[in-house]
Amino acid sequence: MAKKVHVFNAGPCLLPQVAIDHAIEALKDFSGTGISVLSISHRTKEWDAVMDECRALWKELLHIPDTHEVVFLGGGASLQFLYVAMNYLEKKAAYLDTGVWAHKALKEAQGIGEAYAIACSKDKNYTYIPKGFEIPADLDYLHITTNNTIYGTEIHTDMDCPCPLIADMSSDIMSRPVDVSKYDLIYGGAQKNVGPAGVIFAIIRKDSLGRVSRYIPTMLDYRTHIDKLSMFNTPPVFAIYVMNETLKWLKGIGGVEVMYEINKKKAALLYDEIDRNSMFIGTAEKEDRSLMNVCFVMAPGKEELQDEFFAFAKERGMVGIKGHRSVGGFRASLYNACSIEDVQALVDCMKEFENLKK
Ligand SMILES: *Cc1c(COP(=O)(O)O)cnc(C)c1O
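Residues numbered from 1 in each chain as written. Predicted model: local features only at pLDDT ≥ 70, side-chain atom pairs only at ≥ 80, totals over all residues. Heavy atoms only, no water.

### Some details on the site of the ligand
Okay, step 1: Around the ligand sit 13 residues in total, of which Ala77, Ser78, Thr149, Asp168 and Lys192 are the nearest.
Okay, step 2: Here serine 78 contributes a side-chain N or O atom positioned 2.6 Å from an oxygen atom of the ligand.
Okay, step 3: Taking lysine 192, its side chain carries an N or O atom lying 2.6 Å from an oxygen atom of the ligand.
Okay, step 4: Here the ligand loses 87% of its free accessible area of 390 Å² to cover by the protein chains.
Okay, step 5: Per-element tally for the shell around the ligand: the top contributor is helix H3 (residues 77–88), with 3 residues.
Okay, step 6: Considered class by class, the residues forming the shell around the ligand number 3 nonpolar, 8 polar and 2 charged. (Near = heavy atom within 4 Å. Polar contact = N/O pair within 3.5 Å; in protein donor to acceptor, adjacent residues only side chain to side chain. Areas by Shrake-Rupley, 256 points an atom, 1.4 Å probe, with all protein chains shown as cover. Helix = DSSP H or I, 4+ residues; strand = E, 2+ residues; numbered from the N terminus. Nonpolar A, V, L, I, M, F, W, Y, C, P; charged D, E, K, R; others polar.)

See the structure below:
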């Protein structure tokens, strides 16, 4: 029996137990083949069935229209910063600079062509989402990072954009309904909310490709992966297997719409406690607060209690609540597989700490 813990890791994320249990079975015997999923050929009908199911689940859960295709690749979300620029940047692109990941995406594009930050929230250590900026209609694209994993800010709606819109949704994909039709490209890594590390996803408007004049290396050309149904080369088989099991679980609880309601409840539970509890304060602007990553610090005057709270929380089974090194304080990541009971345990722990100290 594993030790009782509450996991709030920012990524790789907590995964549903049923996905892990099925993965353990598949490690021993994949789909009744007598072969481990680690050794199965990706050119078998048993593997094709997993790929087809996984692709279908993505389409079903996010209501992906026929104009778009979803592909699964290796390489990390960070590699897709380069994919984006290679496949879409011709004359000029704009990036909304809402944190480290957004900034890295911009930097990568600047190595390929002309790209600039259209607005930036660095002045307040990325604790808010810039608003009210003008978007020129003649841009190749505007790039946004919908959830800023490190700072706990999130763009909660699918914005109207006069130019093509591209979004890194690494850390909020499948956490809320998305109007896919508003985006030319949605991409990210699986390990923040939909699977283990090692597989990345891209949801691509098919007719948005082929508009740039540069040579695109075969592996960096999204068209390669659309044409070959994500099997141009050996896909990350095991990671896709676990992602598929995770999506089956998500469908089983009612899909993204039901998950969204649960996620709102989880986040409200924790933010309400942060706002009530005299020991802590939240760091993100309230209207931009992320449902996925909740960032907070010790209240003014209580800073010296930080290490004590870490130890106190650890004793009670809380794992992964340390803030990112560039921000400090605390961060609890409430990804899909994190339950309301996990959040309640953290809230209880915060209350208990306050009672002890006041
Ligand atoms: C973690 C993260 C990334 C980077 O993902 P890798 O797969 O480690 O390259 C990019 N964007 C966002 C929003 C992230 O949270």
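### A short note on the nonpolar core
Okay, step 1: Counting 87 residues, the largest nonpolar core has Trp58, Phe72, Ile173, Met174, Leu247, Leu270 and Phe309 as the members making the most contacts within it.
Okay, step 2: For this core, the domains that each give at least three residues are domain 1 (17–252) and domain 2 (255–357).
Okay, step 3: With residues up to four places along the chain from it excluded, the contact list for leucine 247 reads Cys54, Leu57, Trp58, Leu61, Met174 and Val194.
Okay, step 4: If you look at the next biggest cluster of nonpolar residues, it comprises 29 residues, including Leu73, Ala85, Leu106 and Ile166. (Core = buried A, V, L, I, M, F, W, Y, C linked by side-chain atoms within 4.5 Å. Buried < 20%, exposed > 50% of the residue type's maximum accessible area, 1.4 Å probe, protein only. Domains from an automatic or database assignment. Contact = heavy atoms within 4.5 Å.)

### Looking at the domain arrangement of the protein chain
Okay, step 1: Entries for the protein chain in the domain assignment read domain 1 (17–252) and domain 2 (255–357).
Okay, step 2: Contacts between the two partners involve 27 residues from domain 1 and, on the opposite side, 25 residues from domain 2.
Okay, step 3: Contact between domain 1 and domain 2 buries roughly 2200 Å² in total, counting both sides, with carbon and sulfur atoms accounting for 54%.
Okay, step 4: The tally of links from domain 1 across to domain 2 stands at 2 salt bridges.
Okay, step 5: Put simply, domain 1 and domain 2 have 16 residue pairs in polar contact (both at pLDDT 80 or more) between them.
Okay, step 6: Secondary structure elements with two or more residues in the side of domain 1 that touches domain 2: helix H2 (45–62), strand E7 (153–154) and helix H6 (237–252).
Okay, step 7: The dominant element in the side of domain 1 that touches domain 2, judged by the number of residues it contributes, is H6, at 3 residues.
Okay, step 8: A class-by-class count of the residues in the side of domain 1 that touches domain 2 yields 10 nonpolar, 11 polar and 6 charged. (Buried area = accessible area lost by both parts, 1.4 Å probe. Salt bridge = Lys/Arg side-chain N within 4 Å of Asp/Glu carboxyl O.)

### Describing the side chain of asparagine 87
Okay, step 1: Relative to the helices and strands, asparagine 87 is located in helix H3.
Okay, step 2: Of note is the side chain of asparagine 87, whose polar atom sits 2.8 Å from the backbone oxygen of leucine 220.
Okay, step 3: Those residues in contact with asparagine 87, other than ones at most four positions away along the chain, are Leu209, Val212, Ile216, Leu220, Asp221 and Tyr222.

### Notes on the sheet that holds strand E2 (residues 68–73)
Okay, step 1: Pairing within the open sheet is mixed, and its 7 strands lie in the order E2-E10-E9-E8-E5-E3-E4. Single-partner strands in this sheet number two, and they are E2 and strand E4 (115–120). Strand-to-strand, the axes of this sheet are offset by a mean angle of 20°, without reference to chain direction.
Okay, step 2: Sheet strands touched by H2: E2 and strand E10 (200–205). Its angle to E2, the strand with the most contacts, is close to 130°. (Pairing = 2+ DSSP bridges. Axes fitted to C-alpha atoms, helices over the stretch in contact; angles between N-to-C directions.)

### Points about unusual backbone geometry
Apart from glycine, the bulk of residues carry a negative phi angle, and the bulk of peptide bonds sit in the trans form.
Okay, step 1: Across the junction of glycine 11 and proline 12, the peptide omega takes the value -5°, indicating a cis bond.
Okay, step 2: Phi angles above zero are rare outside glycine, and histidine 63 is one such case at about 50°.
Okay, step 3: Residue position: histidine 63 is located in the loop between H2 and E2.
Okay, step 4: Judged by its relative accessible area of 53%, histidine 63 is exposed.
Okay, step 5: The backbone of asparagine 125 shows a phi angle near 45°, a positive value even though the residue is not glycine.
Okay, step 6: Note on placement: asparagine 125 falls in the loop between E4 and strand E5 (141–145).

### With respect to the packing of aromatic side chains
Okay, step 1: A complete count under the given rule lists 18 aromatic pairs for this structure.
Okay, step 2: Aromatic side chains phenylalanine 280 and phenylalanine 309 sit 4.8 Å apart centroid to centroid with 65° between the ring planes, which places their arrangement in the edge-to-face category. Remark: phenylalanine 309 occurs in helix H8 (residues 306–315) and phenylalanine 280 occurs in strand E11 (residues 280–282); sequence separation between them is 29 residues.
Okay, step 3: You can call phenylalanine 309 buried: its relative accessible area is 0%.
Okay, step 4: A connected cluster of aromatic rings, assembled from ring pairs, spans Phe280, Phe296, Phe309, Phe310, Phe312, Phe330 and Phe353.
Okay, step 5: When the ring centre of tyrosine 128 is taken as origin, the NZ or CZ atom of lysine 124, which lies over that ring, is 5.6 Å away.
Okay, step 6: Directly above the ring of phenylalanine 312 sits arginine 316, whose terminal nitrogen or CZ lies 3.6 Å from the centroid. (Phe/Tyr/Trp six-rings, centres within 6.5 Å; stacked < 30°, edge-to-face > 60°. Lys NZ or Arg CZ within 6 Å of the ring centre and 35° of its normal.)

### Digging into the packing of helix H1 (residues 17–28) against H6
Okay, step 1: At a minimum axis separation of 9 Å, H1 and H6 run at an interaxial angle of 140°. By the criterion of interaxial angle, the relationship of H1 to H6 is oblique. H1 and H6 meet at a crossing whose hand is right-handed. For the pair H1 and H6, contact is made by Val18, Ala19, His22, Ala23, Ala26 and Leu27 and by Phe238, Tyr241, Val242, Glu245, Thr246 and Trp249, respectively.
Okay, step 2: Among the residues forming the contact of H1 with H6, the class breakdown is 9 nonpolar, 2 polar and 1 charged. (Parallel < 35°, antiparallel > 145°, perpendicular 65-115°, else oblique. Left-handed = near helix turned anticlockwise from the far one by under 90°.)

### Observations concerning a nonpolar patch on the surface
Okay, step 1: A surface patch of nonpolar side chains, about 180 Å² in accessible area, is lined by Ile253, Val258 and Ile262.
Okay, step 2: With respect to the helices and strands, isoleucine 253 occurs in the loop between H6 and helix H7 (255–276).
Okay, step 3: Using a relative accessible area of 32% as the deciding quantity, one classes isoleucine 253 as partly exposed. (Patch = residues over 30% accessible without salt bridge, like charges linked within 9 Å, V, L, I, M, F, W, Y side chains within 5 Å.)

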